[in-house]
Amino acid sequence: MITLTIDNQKVAVEPGSTILEAAKKLGINIPTLCYLKDINVIGACRICMVEVQGARTFVPACVAPVAEGMVVRTNTPAVIKARKLVLELILSDHPMECLTCVRNQNCELQKLAEQFGIKEVRFDGAKTEYPIDDSSPAIIRDPRKCVLCRRCVAVCSNIQTVNALTAQERGFDTLIAPAFNEKLANMECVQCGQCSLVCPTAAIQEKDDIDKVWAALADPKKHVVVQTAPATRVQLGETMGMEPGSIVTGKMVAGLRRLGFNKVFDTDFTADLTILEEGNELLQRIKTGGVLPMITSCSPGWIKFAEHFYPDLLPHLSTCKSPQQMFGALAKTYYAQKEGIDPADIFVVSIMPCTAKKFECQRPEMKDSGYQDVDVVLTSRELGRMFKQANINIAELPEEEYDAPLGISTGAGEIFGATGGVMEAALRTVYEVVTGKELDNINFVECRGLTGVKEATIQVGDLPVKIAITNGLGNARKVLDKVRAGEADYHFIEIMCCPGGCIGGGGSPIPTNTEIRLKRIDATYTEDERMVLRKSHENPAVKALYEEFLEKPLGHKSHELLHTHYTP
Ligand code: HC0
């Protein structure tokens, strides 16, 4: 161990630790801006400068390793003065639009300026004038608000291995953008929005579609229905100041009714439906010698990643559309017929923890109802803002139930929101369908947790089913490279684009970090255990859907409405 002194307190830490980590052990929080634990540790912003006895200059605590006998001061007047100077320099090239900025009151730069009592910026020099890039249906880049922290670059390259963003030019002209400052829409960007989740300001954010929803709600001709993703109910509370891990399902439903939606439905319903379609597809592929391993197809960032980087593996993807898209297709066919509403008048809104869902809903494949199946996607963050605009505090609302029939779901649909959840839900159904026996224990704990790649073999009757589960595209790559090389003998792989699965999607509340992801995952399984029904094939509304409309899994109507093919 290495022993050092920080602010007159002794601490012993592992060799190789940084001053920042050692200080944390003492409960001393050194301010940071560019730092992102384990992801972006580059000492770029210099906000974390500290004094080290004997050093000629200030030292960036996030990258400086500890040394035996080191004496560190984190908050001398000189250190504070230097940090203020750095902040002033950053602010001198920042549009002072805090009042109208989407990150107002949730901006790390604003928070630091407030913390250090910056009252005025002494430097009135030039400002960077790069234009806003709003070419993508999901993500907006506003380089004027960029503080060059490079967190987005790190998450895009190191975690997602997409490399859509990079630093270019030098000095004052430095720009974080796609190569050659190309538009995001023309890049391999998978629209996952992980960059927006780590951006300390509003330099990268989701495309705001709230006004489209207000317009639909104000249109008397429109029958506006909303579906909520599995993950949103375990994260939305954070946008209203609740603790991470708060479950707000019933209150969110109540709030959505108060916003004026005609029906409040649940993506969990079509998550259950997905299990019946996808489970049967898997069994059919196994029986008929179809393409294996089969890979889940519900995460749109993952689909786009496959199209760009693994087009040869597209036949491995399940032909199932995602639950969000199945919902849209059914809302404008089955539900429209059942309720006697002209589908042209139905407006479908999705609330998703995901930015890529905005991209997914406007794909040309997603119009099988004869209309655009899902009209608008709002992220969980946008729904939080919409509630604020309407002056609705969901904490004060009673808990209400979803509407039937597209709001009836099971715990299996709920767990889709956590990495491993789709696999676990599928196993609960596939096991019982194949063996005809009831599962003694429906908790497939080998599917759970944040490990990047999980593998297991599950005995289903006579068949040992080999599975793999990945979260985050860098982890997906590890498994996909094995599949491509013919070195993988899995039957079924779940791939979720974002770290932690949808509970960590790019449209999640900010901040989202490992600790918060784990709390949302815990809440997901708590919600599953609270459900009366926990297996998709027991969902009575899904059974009725087959009896009244679809006839059978993988039947003609299912193929028409619920399945698709992606081509390179
Ligand atoms: Fe997900 Fe989904 S689980 S992708 O993460 O499958 O966004 O929450 O809504 O569609 O159901 C996101 C979350 C969904 C879909 C579902 C799947």
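Residues numbered from 1 in each chain as written. Predicted model: local features only at pLDDT ≥ 70, side-chain atom pairs only at ≥ 80, totals over all residues.

A. Representation of the domain arrangement of the chain within the structure. Per the domain assignment, the segments making up the chain are domain 1 (2-75), domain 2 (122-206) and domain 3 (211-561). Using only C-alpha atoms to locate each centre, domain 2 and domain 3 end up separated by 29 Å. Contacts between the two partners involve 17 residues from domain 2, matched on the other side by 24 residues from domain 3. Elements with a minimum of two residues in the side of domain 2 that touches domain 3: α4 (151-159) and α5 (194-198). The greatest single-element share of the side of domain 2 that touches domain 3, amounting to three residues, is contributed by α5. (Domains from an automatic or database assignment. Contact = placed C-beta atoms within 7 Å. Helix = DSSP H or I, 4+ residues; strand = E, 2+ residues; numbered from the N terminus.)

B. Broad picture of helix α12 (residues 380-389). Counting buried positions along α12 gives seven out of ten residues, so the element sits mostly inside the fold. The complete set of buried residues in α12 reads Ser 380, Arg 381, Glu 382, Leu 383, Gly 384, Met 386 and Phe 387. Turning to α12, the residues buried within the fold contact β9 (204-206), α6 (210-218), α7 (249-259), β13 (346-352) and β14 (376-379). Two residues or fewer after α12 comes Asn 391, characterised by a positive phi angle close to 60°. (Buried ≥ 20, exposed ≤ 12 C-beta atoms within 10 Å, placed from the backbone.)

C. Examining the sheet that holds strand β15 (residues 453-460) more closely. Across the sheet, four strands lie side by side as β12-β17-β16-β15; this open sheet has mixed pairing. Whereas interior strands pair on both sides, the edge strands pair on one side only; in this sheet they are β12 (294-295) and β15. Of the strand pairs in this sheet, β12 and strand β17 (residues 492-496) are connected by two bridges, and their pairing is parallel. Residue Met 294 lies in a different strand from β17, and its bridge partner there is Phe 492. Strands β15, β16 (463-471) and β17 of the sheet are contacted by helix α15 (residues 473-484), whose axis makes an angle of about 145° with β16. (Pairing = 2+ DSSP bridges. Axes fitted to C-alpha atoms, helices over the stretch in contact; angles between N-to-C directions.)

D. Expanded view of the site of the ligand. Within the structure, the ligand sits among 20 residues, and Ala 229, Ala 231, Cys 298, Cys 354 and Cys 502 are positioned closest to it. Listed by contribution, the elements that provide at least two residues to the shell around the ligand are α8 (267-288) and α10 (323-339). (Near = placed C-beta within 6 Å.)

E. Region of the structure containing the UniProt feature "domain: 4Fe-4S His(Cys)3-ligated-type" (unreviewed entry) in the chain. When the UniProt feature table is mapped onto this chain, "domain: 4Fe-4S His(Cys)3-ligated-type" (unreviewed entry) is found at residues 78-117. Across residues 78-117 one finds 57% helix and 0% strand; the C-alpha atoms that close the span lie 15 Å apart. (UniProt positions renumbered as here; feature names shortened; annotations may be inferred.)

F. Region of the structure containing the sheet that holds strand β11 (residues 263-266). Spatial ordering of the open sheet is given by β11-β10-β13-β14, a layout of four strands whose pairing is parallel. Only two strands of the sheet have a single neighbouring strand rather than two, namely β11 and β14. The average angle at which neighbouring strand axes cross in this sheet is 25°, direction not considered. In this sheet, β13 lies alongside strand β10 (residues 223-228) in parallel orientation, the contact comprising six bridges. Looking at the pairing, His 223 lines up with Ile 346 of β13. Its contacts with the sheet place α10 against β10 and β13, and it is angled at close to 155° to β13. Across the sheet, α12 touches β13 and β14, and the angle it forms with β14 is around 85°.

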